[in-house]
Amino acid sequence: MQYNVGTRRELFVDGTLVQSFQGTRLVLQKPERRETVLELDAPWENNVAFPYRVLPFKGGWRMYYRASILDLSREEDTCVTAVAESDDGVSFRRPSLGVCEFAGSRQNNILQIGGFPNTPPPFFDTRPGCPPEERFKGIAARQSQAFAMVSGDGVRWRLLHNTPMHLRGQFDTVNTAFWDELAGCYRSYTRSWHDPETGAAFPTWDFGGVAAVRAIQHARSEDFLNWTEPEQLQYADGDRTVHLYTNAIVPCPEAEHILLGFPSRFVPDRTPDESHGLPGVNDALFMTSRDGVHWNRWLDAWVSPGLDPLNWTERNNYPVWGIAKTSPTEWSMYISEHYRHEGVPTRVRRLSIRPWGFVAVHADYSGGELVTKPLVFEGTSLSLNARTSAAGAIRVEIQDETGHAIPAFSLAEMRPWYGDSLDARMAWGENTSLGSLRGRPIRLRFWMKDADVFSFRFPS
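As a starting point, this report considers the structure included with it. Computed from a prediction, not measured in an experiment: that's the story for all the values here.

Considering the nonpolar core
Phase 1: Ranked by size, the top nonpolar core spans 51 residues in total, and within it Phe224, Leu260, Phe262, Phe286, Trp302 and Phe358 carry the most contacts.
Phase 2: Setting aside its immediate chain neighbours within four residues, leucine 260 contacts Ala248, Ile249, Val250, Cys252, Phe286, Met287, Thr288, Trp295, Ile323 and Phe358.
Phase 3: Formed by 33 residues, the second largest nonpolar core is a distinct cluster that contains Val5, Leu370, Leu444 and Ala451.

Right, dumping it as structure tokens:
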């Protein structure tokens, strides 16, 4: 089978394009916790405040979050939702929206106080022909019903239809959706509960005495109202006992044929701090898919709770849905901290990520190789997102589809490349042009020493 990669960026987040590893392996890359970007300590915020979405907005970013629950016994009816805004993705401020009155003033960032439907975690709809007054969309949930909501400005929301969506599920989490341009449909990723023995989803809240597991389901729609029958996500690791609380699924920026997920894993039977009063502890995972249903999930934590003991209690360490390109060499995501601690405000911390650098093909100093399956490309050169140590190196050989080096593109004809670059152009002698190979089935053979390769592409 040949893979037509065109000029798009291909990430080594799975083994789809790999024929063989020899002394190399895929290694999950973990983000760095950076600064606190927002401390939720305003008078209308409390210790169950929760960030759930970051969206591009006017050259910067807007963060949607639950500011508080005024009465925990009536959570759905007393939820306060709000937005914060940032120019750089490093510090967020509360804009004065003038929408809702709190304590006699409208000088606040509140979107809604109580009532139904609540402001949803939104996405910006890029579907061709989408009316401007419906550009912001999201799924609002109440018990086992999901409702489609729309907005023209992301602040003032209305129901798209007065009746619930045709979508089965429980929805007690951050339910996500987006327009998939490549598939030509909306995708939704929503909460379900399944039987850990069979993997079958429970259609209602009646689990029949089974210790049900929190899971993620996928559905598709052409109109954001009528959805296909939900499918349970399938994982290559086959473990049905993992509780996934949220999903934070997005198309990979500039490689939208690959979906990335950042679920929060909940471990209900561990309670590191017995004095906290509620069981469980969370960390964050990374997973990826090429069809939206079948996923390669890393069960090693993508983000662990860390040294801060206040993050070793239930419902912390939730990745916020959305990736912010905060500089040409850095992407940012965000994660929740300090949830439900008396007298301590919840806060949001930034995570620093190498662009397209979620998983690396890694070789130790002793060296190793990787050979791809047959590829067909449309560009005129080869660029790598890669790094080496000071003593490390990478060479690339271009082979024909039978595995023989193509003259002028063998390992011996390429000077070792070393350095750290998001888009390093490879050369064989003085030659960087691959125009003569365009449209022809080839394989890439990577020879590596103390090096990582994250992605490659064939740009024009």
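Regarding the pattern of salt bridges
Phase 1: By the definition in use, this model includes 37 salt bridges.
Phase 2: A salt bridge links arginine 9 to aspartate 423, with the shortest nitrogen-to-oxygen separation between them at 3.9 Å. Here aspartate 423 lies in strand E32 (residues 420–425) and arginine 9 lies in the loop between strand E1 (3–6) and strand E2 (10–11), a separation of 414 residues in the sequence.
Phase 3: Overall, arginine 9 belongs to the buried group, its relative accessible area being 6%.
Phase 4: On the basis of relative accessible area, aspartate 423 is assigned to the partly exposed category, the value being 33%.
Phase 5: Its salt-bridge partner being glutamate 32, residue arginine 34 comes within 2.9 Å of it at the nearest N-O pair.
Phase 6: Judged by relative accessible area, glutamate 32 falls into the partly exposed class, the value being 45%.

Here's the deal with the side chain of arginine 62
Phase 1: Tracing the chain through its elements places arginine 62 in strand E7 (residues 60–69).
Phase 2: At a separation of 3.5 Å, a polar atom in the side chain of arginine 62 contacts the side chain of glutamate 85.
Phase 3: A polar atom in the side chain of arginine 62 sits 3.0 Å from the backbone oxygen of aspartate 153.

A closer look at the pairing of strand E16 (residues 213–221)
Phase 1: Counting buried positions along E16 yields 8 of 9 residues, so the element is predominantly enclosed.
Phase 2: When strand E15 (residues 185–194) meets E16, the two strands line up antiparallel, connected through 9 bridges. Directly across from histidine 194, in E16, lies its bridge partner valine 213.
Phase 3: As paired strands, E16 and strand E17 (residues 231–232) are joined by 2 bridges and run antiparallel to one another. From the neighbouring strand, histidine 218 faces E17, where its bridge partner is glutamate 231.

So, how was this worked out
Residues numbered from 1 in each chain as written. Predicted model: local features only at pLDDT ≥ 70, side-chain atom pairs only at ≥ 80, totals over all residues. Heavy atoms only, no water. Core = buried A, V, L, I, M, F, W, Y, C linked by side-chain atoms within 4.5 Å. Buried < 20%, exposed > 50% of the residue type's maximum accessible area, 1.4 Å probe, protein only. Contact = heavy atoms within 4.5 Å. Salt bridge = Lys/Arg side-chain N within 4 Å of Asp/Glu carboxyl O. Helix = DSSP H or I, 4+ residues; strand = E, 2+ residues; numbered from the N terminus. Polar contact = N/O pair within 3.5 Å; in protein donor to acceptor, adjacent residues only side chain to side chain. Pairing = 2+ DSSP bridges.

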